Structures are given as structure tokens and as C-alpha cells.
Amino acid sequence: MNWDLLLTNASLATFAGEASHGLLTDAAVACQDGRIAWIGPMRELPRASAATALEVHDLAGALVTPGLIDCHTHLVFGGDRAQEFDLRLNGASYEAIARAGGGIVSTVRATRGASEDELFAQSLPRARALLADGVTTLEIKSGYGLELETERRMLRVARRLGQALGIHVQTSFLGLHALPPEYKDRRDEYVALVCHELLPALADEGLVDAVDAFCEGIGFTRAETQRVFEHARQLGLRVKLHAEQLSDRDGAALVAEFDGLSADHLEYLSDSGLQAMARAGTVAVLLPGAFYALRESKLPPVEALRSHRIPIAIATDCNPGTSPLLSLRLAANMACTMFRLTPEEALRGVTVHAARALGLPDRGTLAVGKRADLVAWNARQPAELCYWIGGGLVRQVWIGGVAATPPVPIAP
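What you are looking at is a predicted structure, and each value in this text was computed from that prediction instead of being measured. (Residues numbered from 1 in each chain as written. Predicted model: local features only at pLDDT ≥ 70, side-chain atom pairs only at ≥ 80, totals over all residues. Heavy atoms only, no water.)

## Description of the environment of Arg-160
Along the chain, Arg-160 falls in helix α6 (residues 148-165). For Arg-160, a relative accessible area of 26% corresponds to the partly exposed category. Each C-alpha atom of the pair Arg-160 and Phe-120 lies 7.7 Å from the other, and the pair is 40 residues apart in sequence. Contacts of Arg-160, omitting those with residues within four sequence positions, involve Glu-116, Asp-117 and Phe-120. Polar contacts involving the side chain of Arg-160 include one to the side chain of Asp-117, which spans 3.0 Å. (Helix = DSSP H or I, 4+ residues; strand = E, 2+ residues; numbered from the N terminus. Buried < 20%, exposed > 50% of the residue type's maximum accessible area, 1.4 Å probe, protein only. Contact = heavy atoms within 4.5 Å. Polar contact = N/O pair within 3.5 Å; in protein donor to acceptor, adjacent residues only side chain to side chain.)

Right, here's the structure in full:
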């Protein structure tokens, strides 16, 4: 059988096993039918198979990693919130802006007013920017519609983005993101609408891979979140949660009770939440872009996460209000500089642990049988990917063993 793709003379950061970066130097990786078919040192490369490979690239020592995975984004939305950025820098708090009708609700208005094609046109450049930064798997949440038709449009656009770019898009239904204005004094009715109408309809259409919620003082209570999670479980859907970003609402423990994929943000994570996550195997997703944009000072408990051996993932949280961030590699840099993660922790956080946060065990490492999502970098050692602040380091992206479309060109 001929290999479809063979990369030779590479430094492979496999992230397989516990060794530093799972690094293999002077190595090669071969792909067949969208999967990794062989990986190992150049001296062990099967010469007969190498000679018949359909596409061969000699990388002259360049670094190759698994495709990056952005496991928490709100990438599909209408308009922007640059004015609120200005307000925050002039002293207004995030909570004050939200309570005055800004924040999430302002994006809801803009998103409801956009057609599906308009949402697609606005979102496509954002997705392309992440692809150009090495992202091959992307999670996109709904939550800026808060009624059936707009939530449906958002999720359909998310699927279209994956098809247009050839990347894998995982969707999360975020009906409990904010209380829509028309339900201002009818919270219970809105939660019932999410449980009994929105979620079942969208899941039945195949638009939902997981269910999320914003469990917070300016969001939804633990009890309200639990109601939605119970309905998600009845539909066979996994759950994740915006938890403990601005205060401790015991959300991390709740999502762990439902064997949740991840608890995200976690600046105010409690000891009981830590213990529940550790027991359940729930991934901690840290979002340094939001921490930076909101000028937070309460750090997530990284040392406690380490001591409880809770997997740590990193994501952009790309959204119009609190994290207009279009580089996952920059998010990894921020996680190192602000949260004091090591470069290896940050890079595992955007590969193997990010895959786990999406329930996708077939990617995130370089190993035989895994998806052939690969990035060749203009770098020699893994730490460079966190060391450089901005700039384009991607040399080439392959998704399922095929060069990315639209192509990310090999640099001269």
C-alpha cells in the first residue's frame, strides 16, 4: 500500500507519553487514508514504502506537531463590541456594561439581525486566521441567538465553516448564555424553552455535539444549569460549562457530576470543585485571552490543578466582548506568561488535552492510527511556539493528510 504523505528529516513533538514533548528528532511520519500509518526515527524508515509514497517533503529538521485544537470559541457572531472595550478602559466593569444592556445581549441583537450568509461572511476570516495559526480542529458555540431560528443559523454557519475550510468543527449549544430581553421577567419560562424546544429541535437536526451554559451571577444559577444538563443527558449529549469565571457558583462540581467534558475559565475554582473534577476526569480549560482583556487579577489555581492531576487545556475563547483573540499560539504564550504554565504544559493544552476537552480521542498526538492532522513550523524546538509573541510560524498544515484548503503556503 502506498503512503499518501511522507514527511522526512523532521523533529516530531508527538505529545505521546510522558517524555518531554514526546520529542523524536531526525524522524519521519507517514500518512495513509487520513491517518498516521508510520512514525519513527529516519534510520528505521521502511525504504520500500518510502520510495513509493505519493507525496514526500524533506523538512530539513523543522518541527512538526499535531494540528492545534481550539476547544472553546464563540467565533460565529454579528457585529463587534469595540465600543465596550473603550468603556472598560474608561472605568466601566464587565458586569456594569452587561447590566446596562451591553455585553452578550448587544451581540444578540447584532446576530439576530444578520442573515446566515452575512454571519458566514463575517465569521470566515476569523476561522481562516485560526487555520493560518495551525488550528485544525475548532469548537464553536451558539448562544448569541437565544431563540430557535438564530441559534439554528449560528450552528449551521459553524458547520459551513468546517466544510469551507476542510477543518473539523465541533459545535456546542449555549442556550443558557444570557437572558434574552423578551424574557427579562420570565427566567423560568426561558429555561423551559431551552430545555423543551430549542435543545431538542437543534439536536434532532444534527447541529449539536455538546451542551454548554454560563453558570454565573450575571448568567444562570446552578439549579437552572442542572435542568438543561439533565435534558442534554436524556438526548445523549455531553456537557461542558463556563464555570467560576467571576465568582464561585459551584459550577465545576456540577459539570463533574454529569461527567462533563470540561469546566472553563475557573479563576474562582474551589477545593470541592477541584476534587470533583479530578474524580470525574473533567478537563480544566483556561482562557487567558479573557483574563487579559478583562484585566483580571484573580489567577486560576494552576498549582492546585497540577497537584490534582487535572488535565489543563488552553483555548482562545474567541468572542466579540471579552476575548477578541485570533491566535491559539498567542493564547499559549499568555498561559505561560500570565498563568506560569511551562511551554510543554501550554502546548499539551492546545493538542492532547484540548482533544480530550472535546471528547475526540483520535487526535491531539502523533501516533499510529491517529488523524493525520499535522503542522510543520518554521521552528526547531517546541518552546519556540510559545516563545514568539505573534508573527507567522506556520510552514504548512495538513488536515487528514491533505494540504489545508485554502492553502497555508510553505514559507520560502
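## Some remarks on the packing of α6 against helix α7 (residues 187-204)
At a minimum axis separation of 10 Å, α6 and α7 run at an interaxial angle of 30°. Regarding α6 and α7, the two cross each other, and that crossing is right-handed. Residues Leu-148, Glu-151, Arg-152 and Leu-155 of α6 form the contact with α7, whose own contacting residues are Leu-198, Ala-201 and Leu-202. (Axes fitted to C-alpha atoms, helices over the stretch in contact; angles between N-to-C directions. Left-handed = near helix turned anticlockwise from the far one by under 90°.)

## A look at the UniProt feature "binding site: N-formimidoyl-L-glutamate" (unreviewed entry) in the protein
The UniProt entry lists Tyr-144, Asn-319 and Gly-321 under the feature "binding site: N-formimidoyl-L-glutamate" (unreviewed entry), expressed in the numbering used here. In terms of the greatest pairwise C-alpha distance, the residues named above, spread along 178 residues, form a tight cluster of at most 11.7 Å across. Put simply, the named residues that line the largest cavity are Tyr-144, Asn-319 and Gly-321. With respect to the helices and strands, Asn-319 occurs in the loop between β13 (312-314) and α13 (328-339). Excluding residues within four positions of it along the chain, Asn-319 makes contact with His-74, Phe-77, Tyr-144 and Pro-324. (UniProt positions renumbered as here; feature names shortened; annotations may be inferred. 1 Å grid on protein atoms, 1.4 Å probe; cavity = no way out; pocket = protein on both sides within 12 Å on 5 of 7 lines; lining within 4 Å.)

## Examining unusual backbone geometry
One non-glycine residue with positive phi stands out, namely Asp-259, at about 50°. Note on placement: Asp-259 falls in the loop between α9 (251-257) and β11 (262-265). Given the relative accessible area of 48%, Asp-259 is considered partly exposed. Non-glycine residue Asp-317 carries a positive phi angle of around 55°. Relative to the elements of secondary structure, Asp-317 occurs in the loop between β13 and α13. Overall, the relative accessible area of 2% leaves Asp-317 in the buried class.

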